[in-house]
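Chain and residue survey
In case you want the letters, here they are:
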Amino acid sequence: GRSLPRRFASSSSSAEDRGAPKAAAAPQAGTLLPPFLDECLRGVGQVIFLNSPASGALTLAALVYGDPWLGALAAAGTASATATARVAGLDAAAISAGLYGYNGCLVGCAFAVFLGLPAGSP
């Protein structure tokens, strides 16, 4: 079969371990949260360039306060993107830093806007 040109191949891993799923990184020091929750809150925080579960929680709380539908879809988008990154075996350190969750958060916010449900509707 065809292989990727050398410039696209990963230089940090051998051919044997590229297909193996990577273990999830331990939560960053100083947090008492479960790893998945920590990763998701960091993903929300990364939207405003802050790698902190506290900033993610504050941002998510502000979204929920402003529009519960927006906050719910932002949380769902972040959780689904983080879970997908874990299942795909992507870089554990990047997952732990929330770097795979922030885009899901933004997509969730976009869904809240473009699905057409106003803030006060049931």
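Preceding this paragraph is the structure being described.
The following paragraphs examine the structure supplied in this document.

Cut-offs used in this document
- Residues numbered from 1 in each chain as written.
- Predicted model: local features only at pLDDT ≥ 70, side-chain atom pairs only at ≥ 80, totals over all residues.
- Heavy atoms only, no water.
- Helix = DSSP H or I, 4+ residues; strand = E, 2+ residues; numbered from the N terminus.
- Expected span 1.5 Å × (residues − 1).
- Buried < 20%, exposed > 50% of the residue type's maximum accessible area, 1.4 Å probe, protein only.
- Axes fitted to C-alpha atoms, helices over the stretch in contact; angles between N-to-C directions.
- Parallel < 35°, antiparallel > 145°, perpendicular 65-115°, else oblique.
- Left-handed = near helix turned anticlockwise from the far one by under 90°.
- Contact = heavy atoms within 4.5 Å.
- Nonpolar A, V, L, I, M, F, W, Y, C, P; charged D, E, K, R; others polar.
- Core = buried A, V, L, I, M, F, W, Y, C linked by side-chain atoms within 4.5 Å.
- Salt bridge = Lys/Arg side-chain N within 4 Å of Asp/Glu carboxyl O.

Here we look at helix H1 (residues 35-46)
Under the 1.5 Å per step criterion, the end-to-end length of H1 is 16 Å for twelve residues, consistent within 8% with the ideal 16 Å. With nine of twelve residues buried, H1 is to be regarded as a mostly interior element. Among all positions in H1, only Asp 38, Glu 39, Cys 40, Leu 41, Arg 42, Gly 43, Val 44, Gly 45 and Gln 46 are buried.

Some points on the packing of H1 against helix H2 (residues 53-66)
At a minimum axis distance of 7 Å, the contact between H1 and H2 shows a crossing angle of 70°. In terms of orientation, H1 and H2 fall into the roughly perpendicular class. For the crossing formed where H1 meets H2, the hand is left-handed. Contact with H1, carried on its side by Asp 38, Leu 41, Arg 42, Val 44 and Gly 45, involves Pro 53, Ser 55, Gly 56, Ala 57, Thr 59 and Leu 60 of H2 and no other residues of that element. Partitioning the contact of H1 with H2 into residue classes produces five nonpolar, four polar and two charged.

Thoughts on the nonpolar core
By size, the foremost hydrophobic cluster in this structure holds ten residues: Leu 41, Val 44, Leu 60, Leu 63, Leu 70, Leu 73, Ala 74, Cys 105, Cys 109 and Ala 112. Looking at this core, the elements that each hand over two or more residues are H1, H2, helix H3 (68-88) and helix H5 (102-114). When near neighbours in sequence (up to four residues on either side) are disregarded, Cys 109 contacts Leu 63, Leu 70 and Ala 74.

Describing the environment of Ala 76
Within the element layout of this structure, Ala 76 appears in helix H3. C-alpha of Ala 76 to C-alpha of Cys 109: the two residues are 33 residues apart in sequence and 9.7 Å apart in space.

A look at unusual backbone geometry
Here the phi dihedral of Phe 49 falls at roughly 65°; this positive angle occurs in a residue that is not glycine. Considering the arrangement of structural elements, one finds Phe 49 in the loop between H1 and H2.

Some points on the pattern of salt bridges
For side chains of opposite charge, pairing can occur when their charged atoms come near one another. Under the definition given, this model contains two salt bridges. Across the pair Asp 38 and Arg 42 runs a salt bridge, and its minimum N-O distance is 2.8 Å. Taken together, the positions of Asp 38 and Arg 42, both in helix H1 and four residues apart, correspond to about one turn of that helix. A residue is classified by how much of its surface remains accessible, and Asp 38, at 1% relative accessible area, is buried.

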